[in-house]
Amino acid sequence: QVQLVESGGGLVQAGGSLRLSCAASGRIFRINTMGWHRQAAGKQRELVASITAGTSTNYANSVKGRFTISRDNAKNTVYLQMNSLKPEDTAVYYCNAEVQPNVLAKYNYWGEGTLVTVSS
């Protein structure tokens, strides 16, 4: 079993910054793509950013130029640096990772989420 634990959410004023972290632990042989999704009240969950094991990145158009995703493979951790935050970035942010417990299997895991609130 694998656990993903997010941290770093909170309340920030518009224009401010936050850094989210997500650490994976448990039975891990390899972690492939890691990512951040968010879900605002009354809306569907959406992809914010993702990063492959080879560190190729992908961003939602709404966060390009403001958010940066990165990972530390030695720590099994993914980060999301969020700058120039806007009220519309307010949401619960979820970490996601594709984890291989061995060379043959792969599973998709989710964290429990961390709330980001941006005040105007």
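Scroll up a little and you will see the structure.
Residues numbered from 1 in each chain as written. Predicted model: local features only at pLDDT ≥ 70, side-chain atom pairs only at ≥ 80, totals over all residues. Heavy atoms only, no water.

Q: Explanation requested: the pattern of salt bridges in the structure shown.
A: Side chains bearing opposite charge may pair, as long as their charged atoms lie close to each other. Applying the stated criterion to the full structure yields four salt bridges. For aspartate 89, the salt bridge identified is with arginine 38, shortest N-O distance 2.9 Å. Highlighted residues: aspartate 89 in the loop between strand S8 (77–82) and strand S9 (91–100) and arginine 38 in strand S4 (residues 30–39), separated in sequence by 51 residues. For the pair aspartate 89 and arginine 38, one class covers both residues: buried. (Salt bridge = Lys/Arg side-chain N within 4 Å of Asp/Glu carboxyl O. Helix = DSSP H or I, 4+ residues; strand = E, 2+ residues; numbered from the N terminus. Buried < 20%, exposed > 50% of the residue type's maximum accessible area, 1.4 Å probe, protein only.)

Q: Which parts of the structure should I look at to understand the sheet that holds S8?
A: Backbone hydrogen bonds hold the strands of a sheet together, and the pairing may be parallel or antiparallel. Taken together, the four strands give an open sheet; going across it, the order is S1-S3-S8-S7, and neighbouring strands pair in antiparallel fashion. The sheet terminates laterally at strand S1 (2–7) and strand S7 (67–72), the two strands that pair on one side only. Recorded for the sheet is a direction-independent mean angle of 15° between the axes of neighbouring strands. Bridge count between strand S3 (residues 18–26) and S8: six bridges; the pairing is antiparallel. Paired with leucine 18 across the bridge in S8 is methionine 82. (Pairing = 2+ DSSP bridges. Axes fitted to C-alpha atoms, helices over the stretch in contact; angles between N-to-C directions.)

Q: It is not clear to me how unusual backbone geometry should be interpreted in this structure. Could you clarify?
A: Among all residues except glycine, the phi angle is most often negative; among peptide bonds, the trans geometry is most common. One non-glycine residue with positive phi stands out, namely asparagine 76, at about 50°. One can find asparagine 76 in the loop between S7 and S8. Residues other than glycine seldom take positive phi values, yet serine 84 does so here, at roughly 50°. For serine 84, the position within the fold is in the loop between S8 and S9.

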